[in-house]
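Notes for the structure review
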Amino acid sequence: MNTQLLPATDESLALAARLLADGQLVAFPTETVYGLGAHAMDAQAVLGIFAAKGRPADNPLIVHIHDRSQLEVICEVNEQALRLMDAFWPGPLTIILPRKDAVPDEVTARLDTVAVRMPSHPVAMALLKACNLPIAAPSANRSGKPSPTSVRYVFDDMDGRIPLIIDGGESDVGLESTVISLAGDRRCSLRPGGVTQAMLEAVIG
Ligand code: AMP
Ligand code: MG
């Protein structure tokens, strides 16, 4: 497969949106690291992410959205989740919530929960809006390699494996998103990241 590396423009984002709608993979910048995206409700497309990365199928993916209304078919939203979304979205906070049936098992690794996030990077936002699809996206590296903050590393790992990489310059956080679970009776912090424990506690106690 020939891999195109294009700067983020209206044209390249429109191409990216068409590829995603067609079930293909596109790498794009976020404020944490570069993501490797696929249409989250298309199981076949999501399987492509695991193949391109060499990622074990039991490692669930984060679903990226640009508008909260997209969550309706993805997860059950609760009061605490809404407070965190108000405070930290768009931004580097991933929230785990009870999933809905429409989400393919490939995304959630067959768990009864799903991870969701709204990224703040303008290119990620523009792409999510252009395709208007929920996009499952782990970091755009081969499994076991560092998460890429620069498009050069994305190209090194994904050349020949995906049709398109959108260049949006360096990712500025370089730190992965904080992951918090609000799915059970008790909330629990699953991964430290851009949003600190103190910042979370200031909002939900
Ligand atoms: P990555 O996309 O590589 O940054 O990894 C996403 C991480 O989010 C996974 O490795 C899990 O640690 C976490 N995650 C995603 N979905 C779930 C879920 N449903 N339950 C618990 N953790 C999750
Ligand atoms: Mg990763």
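To start, this report covers the structure provided alongside it. Per-chain numbering applies: the sequence of each chain, read as written, is numbered from 1 onward. Here chains are named by letter from A upward and ligands by number from 1 upward, in the order in which they appear as written. Predicted model: local features are reported for residues with pLDDT of at least 70 only, side-chain atom pairs are reported and counted for 80 or more only, and whole-chain, interface and lining totals are derived from all residues. By convention in this description, side-chain values take in all heavy atoms of the structure and omit both hydrogens and water.

To obtain each axis, a line is fitted to C-alpha atoms, and for helices this fit is confined to the stretch in contact; angles are then taken between N-to-C directions over 0 to 180 degrees. Only DSSP runs of H or I reaching four residues or more are called helices, and only runs of E reaching two or more are called strands; each is numbered from the N terminus. Where helix α1 (residues 10-21) contacts helix α5 (residues 122-131), the axes come no closer than 9 Å and their chain directions differ by 55°. Taken as axis vectors, α1 and α5 run oblique relative to one another. In terms of crossing hand, the pair formed by α1 and α5 is right-handed. Across the interface between the two elements, Leu13, Ala16, Ala17 and Leu20 of α1 pack against Val123, Ala126, Leu127, Ala130 and Cys131 of α5. Of the residues that constitute the contact of α1 with α5, the class distribution is nine nonpolar, no polar and no charged. Angles are sorted into four bins: roughly parallel if under 35 degrees, roughly antiparallel if over 145, roughly perpendicular if 65 to 115, and oblique for all others. Note: crossing handedness is left-handed where the near helix turns anticlockwise from the far helix by less than a right angle, and right-handed where it turns clockwise. Contacts were defined at the residue level, with two residues in contact if any of their heavy atoms lie within 4.5 Å. Classification used: nonpolar for Ala, Val, Leu, Ile, Met, Phe, Trp, Tyr, Cys and Pro, charged for Asp, Glu, Lys and Arg, polar for all others including Gly.

Relative accessibility decides the category of a residue: with a 1.4 Å probe and only protein chains considered, values under 20% of the type maximum give buried, values over 50% give exposed, and everything between is partly exposed. Inspection of helix α2 (residues 43-53) places Ala45, Val46, Ile49, Phe50, Ala52 and Lys53 among the buried residues, and these make up the whole buried set. In the core, the buried residues of α2 are packed alongside β3 (35-39), α4 (105-108), β7 (135-136) and α6 (151-158). Residue Asp42 occupies the N-cap position of α2, its side-chain oxygen lying 3.1 Å from the main-chain nitrogen of Gln44. Polar contacts, as counted here, are pairs of nitrogen or oxygen atoms within 3.5 Å of one another; within protein the pair requires one atom able to donate a hydrogen and one able to accept it, and residues that are adjacent in sequence qualify only if both atoms are side-chain atoms.

Right, let's get into the packing of aromatic side chains. Each Phe, Tyr or Trp ring, with Trp reduced to its six-membered ring, pairs with another whose centre is within 6.5 Å; inter-plane angles below 30 degrees give stacked pairs, above 60 give edge-to-face pairs, and intermediate values give tilted ones. One pass over the structure, following the stated rule, counts zero aromatic pairs. Counting as a charge over the ring demands two things of the Lys NZ or Arg CZ atom: a distance within 6 Å of the ring centre and an angle within 35 degrees of the ring normal. The cationic tip of Arg152 hangs over the ring face of Tyr153; the distance from NZ or CZ to the ring centre is 4.8 Å.

Another aspect to go through is the environment of Arg18. Checked against the element boundaries, Arg18 lands in helix α1. Sequence spacing of Arg18 and Ala130 is 112 residues, and the spatial spacing of their C-alpha atoms is 9.0 Å.

A few words on the side chain of Ser139. The residue Ser139 is located in the loop between β7 and α6 in this model. Look at Ser139 and you get buried, because its relative accessible area is 11%. Within the local environment of Ser139, its side chain forms a polar contact with the side chain of Asn141, the two groups lying 2.5 Å apart. With sequence-adjacent residues up to four places away left out, Ser139 is seen in contact with Val33, Tyr34, Gly35, Leu36, Lys53, Ser147, Pro148 and Glu176.

A few words now on the site of ligand 1. The criterion for a residue being near a molecule or strand is simple. One of its heavy atoms has to lie within 4 Å of it. In the neighbourhood of ligand 1, 14 residues make up the surrounding shell, with Arg55, Asn59, Thr113, Pro138 and Arg191 lying closest. At 2.9 Å, a side-chain N or O of Thr113 approaches a nitrogen atom of ligand 1. The side chain of Arg191 places a nitrogen or oxygen atom 2.9 Å from an oxygen atom of ligand 1. Elements with a minimum of two residues in the shell around ligand 1: β6 (113-117) and β10 (188-191).

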